[in-house]
Amino acid sequence: MTSVQMSAKDEMVEQFLDYASRGDLAKVSTMISHSSQLLNESGRQGWTALMLAARNGHFDVIKALLLNGCNKYLANKSGQTAYDIAKFWGHRHIARFLASNGDVTLPGILPSNKSTETETYFSKEYLNRMSDKRTDSEWLSAKQSSPETVFIVFHNLDPFVTTEPEERNDIQPQLKLYRFGGDSVKEVLENSDTVVVFLGVEKQEASPSSLVSNKDGLIAWFALNTKKNPTESLKVTASNSFFLTNPMPMLLMLNEDEAGIVAEARSVLAWHSRYSFCPTCGGKTKVDEGGYKRTCLTDGCRSLQGIHNTCYPRVDPVVIMLVLHPDGNRCLLGRKKSFPQGMFSCLAGFIEPGETIENAVRREVLEESGVTIGPVQYVSSQPWPMPSSLMIGCFAVALSTDIKVDKNEIEDARWFTRQEVIDALVKGNQAVFSMPPRQAIAHYLVKHWIEDSTPCVYDWVSYKRLEMLSQMNGSLYLCPLEATAAFQNVHNRSHSFVCVHASSLWQLCAELSVTQKELGTEGYDCDCGSSAFTFKWSTTMPQMASG
Ligand SMILES: NC(=O)C1=CN([C@@H]2O[C@H](COP(=O)(O)OP(=O)(O)OC[C@H]3O[C@@H](n4cnc5c(N)ncnc54)[C@H](O)[C@@H]3O)[C@@H](O)[C@H]2O)C=CC1
Ligand SMILES: [Mg+2]
Ligand SMILES: [Mg+2]
Ligand SMILES: [Mg+2]
Ligand SMILES: [Zn+2]
């Protein structure tokens with residue numbers, strides 16, 4: 001290449017970087033369409049177009065650059081990625097966008113990452129409900145007498161469980177639903193007071209048809225509920241089995257698959273126990289459609305004409321929201337009088353008739369805390385079978401920050417900093433407040449907020465803590481998504497290594513005064529979707545200033 005060609009190219013790069021820096025989307029797009037090689041070119045101090053646009057807050061330019069395949073992991077001569085730069089200069093929506101997998105989002109709220117539709121506790125669908133079979137009474141009765149069929153038994157909505165037989169190192173024993181065969185529940189089934197609900201069939205991958213002698217190869221599950229204690233008429237072989245009283249918090253000890261089954265069974269059975277008479281005329285009803293309908297027995301009742309929702313199981317939608325401070329670094333949590341001491345949670349409230357999810361979020365937050373809400377974003381949902389709520393989890397961005405607590409509904413509401421929230425997740429009772437358990441969607445929402453917007457090791461955990469954990473000879477993933485779990489498992493691991501997100505590595509290296517090479521890092525795809533590095537931790541590492 002001649003020096004003239006070199007300088008022509010340099011000039012083009014300079015021009016491109018200048019457009020990106022000034023936020024001229026049209027010019028940037030035109031130049032990319034002529035020469036896509038420009039995307040990852042850098043100028044002074046190794047700054048790329050993406051970094052310059054991140055520095056100056058040009059969201060549109062950043063989206064265009066990424067859409068065209070620009071590499072967001074490049075670092076400048078100071079080791080900063082575009083993410084670090086956006087974060088440093090306070091362009092939070094851009095930092096979040098760069099930290100995400102590239103989905104476009106409302107500014108100020110989290111990326112609508114597909115993986116956010118993660119399963120919450122009680123949400124796992126172990127069974128295929130096969131609702132079309134509910135009206136097939138022949139099929140249902142054949143299934144009820146089939147030897148492969150599984151029955152789970154409730155007494156006053158408490159499930160019959162057994163403790164996990166396997167040897168495990170868990171601190172608490174795992175509870176399992178007791179799976180009865182038809183023979184063992186024969187007497188209970190004959191009892192007229194027993195309500196039977198068809199829950200569904202095991203999904204095919206869980207029950208390969210070759211192993212099953214049934215004609216259609218499907219293993220059906222039914223739930224039974226009785227008012228009178230049926231223990232004597234049940235045939236139980238396991239020694240340690242019982243009705244699980246005290247559903248909260250005991251139901252939270254089931255494994256995820258079974259929690260999903262209980263969510264369905266307990267909600268439908270609870271509906272039967274509360275709606276034994278016709279809500280329209282007060283008359284007697286009978287159970288139909290595999291337990292998914294109650295039909296009034298009174299001639300001429302209005303509920304028999306057309307379709308009426310009074311005949312079907314009810315679900316109460318509840319909004320539960322993590323309210324984010326306009327500065328993006330604090331969140332609003334409240335506590336009810338009934339909460340355990342020191343516990344704060346997301347605000348929540350029932351959706352009212354004629355209301356959207358978004359408006360319910362705005363109304364409940366305003367009623368309970370006096371804070372006004374702007375954008376609302378749905379995150380995830382959770383069936384909550386006590387008795388039949390559907391928790392709809394959202395993020396809500398506050399427009400005002402003054403708190404005025406409605407003492408009738410809640411006892412207290414406060415803004416908590418990111419660090420206080422992280423402490424509550426990691427340190428348990430040493431923190432300034434405690435969180436609901438991991439099975440609650442409030443916990444999930446808070447963790448999701450932390451995980452998505454805190455990919456930096458130093459926001460997370462001070463050096464002292466890092467050192468302490470590594471001395472426990474554990475494995476520490478400094479990704480917020482995994483750190484809580486890693487912290488809990490720390491005793492079980494045999495060696496220690498540290499995982500940092502790519503975007504935080506330069507900062508760690510700077511703190512340690514070592515190069516990436518000296519750390520001996522290895523690339524790693526963190527479960528949260530970010531690219532990350534691991535390196536082996538040793539206590540002979542250079543000392544960092546404690547944070
Ligand atoms: N408030 C919180 O911090 C959290 C609440 N939850 C759950 O979310 C649900 C709703 O939250 P709340 O703050 O209690 O709601 P809320 O803020 O709407 O207030 C509850 C009041 O609303 C009325 N209400 C309206 N519709 C109702 C219905 N379908 N069922 C029962 N009461 C109804 C009752 O007067 C009740 O006392 C509850 O089941 C609660 O256990 C879960 C996690 C946290
Ligand atoms: Mg409430
Ligand atoms: Mg309320
Ligand atoms: Mg309410
Ligand atoms: Zn009726």
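Scroll up to find the structure.
This section reports on the structure supplied with the text. It should be emphasised that the depicted structure is a prediction, and the values quoted were computed from it without experimental measurement.

1. With respect to the site of ligand 1
Next, step 1: Residues in close proximity to ligand 1 total 14 residues, the closest being K336, C346, F350, E368 and E409.
Next, step 2: With respect to ligand 1, the backbone of F350 contributes an N or O atom lying 3.0 Å from an oxygen atom.
Next, step 3: Here E364 contributes a side-chain N or O atom positioned 3.1 Å from an oxygen atom of ligand 1.
Next, step 4: Considering ligand 1 on its own, with 800 Å² of exposed area, one finds that the protein chains cover 56% of that surface.
Next, step 5: Because more than half of its atoms lie within 2 Å of the grid, ligand 1 is assigned to the second largest pocket.
Next, step 6: Of all elements in the fold, only β10 (316–324), β12 (347–350) and α11 (357–369) reach the threshold of two or more residues within the shell around ligand 1.
Next, step 7: The class makeup of the residues in the shell around ligand 1 is seven nonpolar, two polar and five charged.

2. Let's talk about the pattern of salt bridges
Next, step 1: Evaluated as defined, the whole model comprises 18 salt bridges.
Next, step 2: Between E364 and R363 there is a salt bridge, with its nearest N and O atoms 3.1 Å apart.
Next, step 3: Judged by relative accessible area, E364 falls into the buried class, the value being 6%.
Next, step 4: For R363, a relative accessible area of 18% corresponds to the buried category.
Next, step 5: Across the pair D412 and R414 runs a salt bridge whose closest N-O atoms are separated by 3.0 Å.
Next, step 6: By relative accessible area, D412 is classed as partly exposed at 21%.
Next, step 7: The class for R414 is partly exposed, based on a relative accessible area of 39%.
Next, step 8: Here the salt bridges share partners, and the residues they tie into one network are E352, E355, R363, E364 and E367.

Calculation criteria
Residues numbered from 1 in each chain as written. Chains lettered and ligands numbered in written order. Predicted model: local features only at pLDDT ≥ 70, side-chain atom pairs only at ≥ 80, totals over all residues. Heavy atoms only, no water. Near = heavy atom within 4 Å. Polar contact = N/O pair within 3.5 Å; in protein donor to acceptor, adjacent residues only side chain to side chain. Areas by Shrake-Rupley, 256 points an atom, 1.4 Å probe, with all protein chains shown as cover. 1 Å grid on protein atoms, 1.4 Å probe; cavity = no way out; pocket = protein on both sides within 12 Å on 5 of 7 lines; lining within 4 Å. Sits in = over half its atoms within 2 Å of the grid points. Helix = DSSP H or I, 4+ residues; strand = E, 2+ residues; numbered from the N terminus. Nonpolar A, V, L, I, M, F, W, Y, C, P; charged D, E, K, R; others polar. Salt bridge = Lys/Arg side-chain N within 4 Å of Asp/Glu carboxyl O. Buried < 20%, exposed > 50% of the residue type's maximum accessible area, 1.4 Å probe, protein only.

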